[in-house]
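Coordinate analysis (summary)
Below are the chains, spelled out letter by letter.
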Amino acid sequence: MTLVRSLLFDLAFYSWTTLLSVLALPALFISQRAAARVSELWATVSLSLLRSIVGLTYEVRGRHNLPEGPVIVALKHQSAWETIALWVLLKNPAIVLKQSLARIPVFGWYMKRGEAIIIDREAGPKALRPMVAAARSAIADGRSIAIFPEGTRTPVAARQAYHPGVAALYMQLGLPVVPVALSSGLFWRRRSFLKRSGTVLVEFLPPIQPGLDRRHFMTELERRIEAATAMLIVEGKQAENISGAVPATYEEY
């Protein structure tokens, strides 16, 4: 049944994505906000398709930890799920994306017009300056920055080094950083076709206020995200009766 539902979802998802991408092309010639609204609509319907076809829903906790005004939101990255859900979880975010995604036909057009923050990983440290400059521009427009500190999707129970981009934003912008933990990898694994039913848990954690040095900030960010994620994974496995390895416990971080 999981296989059939996953196949039906993919058919519906790609059909919906193609249809909207074509019908909404005029938005690319209107404004950044118009392109962002298309992305919001795409994400809203896509999550509805996940719920109705696959039986995959989500629960958001800790929204009160999102301060008023622009902030930096640093999310755990386990699945394609959060790349869709970001447009619903946050209002018109400036998402930090790798350059290869911006090169995808049509998708890349919307990302560029929506003023995502495109970074060239091959440029190494040289990519940080234009990233911070683009983030400043987004903040001036009242938009929050969304970034995946790991830079790539990480399987449940695995660890990935946190990249310095999030530290550059924290040090240069002087904004709070809101860590986000989640359990999406339990249901839609990295590079997997299969999607299982259940409830993705998403938790906005208390913000890390400006003022820490780079090393302490990175240590604290990773500790908070990984510890909270470990707890959500354990809770999700128990609730959905899923077996398999789990991340380290909170006490180990």
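Just so it is clear, the model here is predicted, and its values are computed rather than measured.

1. Quick notes on the sheet that holds strand 4 (residues 117–119)
Read from one edge of the open sheet, seven strands run 1-7-6-2-5-3-4, paired in mixed fashion. Among the strands making up the open sheet, the edge pair consists of strand 1 (56–61) and strand 4. Pairwise comparison of adjacent strand axes, ignoring direction, gives a mean angle of 25° for this sheet. By the bridge criterion, three bridges tie strand 6 (residues 177–182) to strand 7 (residues 198–204) in an arrangement that is antiparallel. Within the sheet, the bridge partner assigned to leucine 182 lies in strand 7 and is valine 202. Those strands touched by helix 6 (residues 128–140) are strand 3 (94–98), strand 4 and strand 5 (145–147), and its axis lies near 175° from that of strand 4.

2. Describing the pairing of strand 6
In terms of burial, strand 6 is largely enclosed, as six of its six residues are buried. Residues Val177, Pro179 and Ala181 of strand 6 are buried on one face, and the alternating residues Val178, Val180 and Leu182, pointing to the opposite face, are buried as well. Where strand 2 (residues 72–75) and strand 6 come together, four bridges link them in parallel fashion. Looking at strand 6, one finds that leucine 75 is bridged to valine 180.

Conventions and cut-offs
- Numbers given to residues run from 1 along each chain, matching the order in which its sequence is written.
- Only residues with pLDDT of at least 70 are given local features in this predicted model, and only at 80 or more are side-chain atom pairs given and counted; all residues enter the totals for whole chains, interfaces and linings.
- The basis for every side-chain value is the complete set of non-hydrogen atoms in the structure, without hydrogens or water.
- Paired strands, as defined in this entry, are two strands with at least two bridges between them according to DSSP.
- Secondary structure elements follow DSSP: runs of H or I no shorter than four residues count as helices, runs of E no shorter than two count as strands, and numbering proceeds from the N terminus.
- Only the stretch in contact is used when fitting a helix axis, every axis being a line fitted to C-alpha atoms; angles between N-to-C directions are given from 0 to 180 degrees.
- Note on definitions: a residue-residue contact is assigned when non-hydrogen atoms from the two residues lie within 4.5 Å.
- Remark: exposure states derive from per-residue accessible area (1.4 Å probe, protein chains only) relative to the maximum for the residue type, with buried under 20%, exposed over 50%, and partly exposed in between.

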